[in-house]
Amino acid sequence: MLSVERYEKILDELDKSKIVKVSELSTDFGVTEKTIRIDLEMLEKKGLLKRIHVERY
């Protein structure tokens, strides 16, 4: 899957649920979590989303 395709799917998922998880996107798209983090960083730089970090308890 090309990065542009992942960007579109990530944005579609955000429209639906408002929150996405790196681990879930990684599994769904068959790419590493690092790849997803890079994608999210790029989308944030373009002003298309805001990344937050949630602590797990």
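Below you will find a few notes about this structure. (Residues numbered from 1 in each chain as written. Predicted model: local features only at pLDDT ≥ 70, side-chain atom pairs only at ≥ 80, totals over all residues. Heavy atoms only, no water.)

Along the backbone of the protein chain there are three helices and zero strands. Written out in order from the N terminus, the α and β elements of the protein chain read α-α-α. Its C-alpha radius of gyration of 11 Å places the protein chain within 12% of the 10 Å reference for a compact globule of 57 residues. Considering only C-alpha atoms, the protein chain reaches an extent of 35 × 25 × 20 Å along its principal axes. Among the 57 residues that make up the protein chain, the fraction classed as buried is 23%. Of the contacts formed within the protein chain by residues at least 6 apart in sequence, a portion of 39% connects residues at least 24 apart. Carbon together with sulfur atoms contributes 52% to the accessible area of the protein chain, which is approximately 4,700 Å² in total. Taking the average place of the 12 positive charges on the side chains of the protein chain and the average place of its 12 negative ones, the gap between the two points comes to 3 Å. (Helix = DSSP H or I, 4+ residues; strand = E, 2+ residues; numbered from the N terminus. Rg over C-alpha atoms; globule rule 2.2 N^0.38 Å. Buried < 20%, exposed > 50% of the residue type's maximum accessible area, 1.4 Å probe, protein only. Contact = heavy atoms within 4.5 Å. Areas by Shrake-Rupley, 256 points an atom, 1.4 Å probe, with all protein chains shown as cover. Lys, Arg positive; Asp, Glu negative; His and termini not counted. Charge placed at Lys NZ, Arg CZ, Asp CG, Glu CD.)

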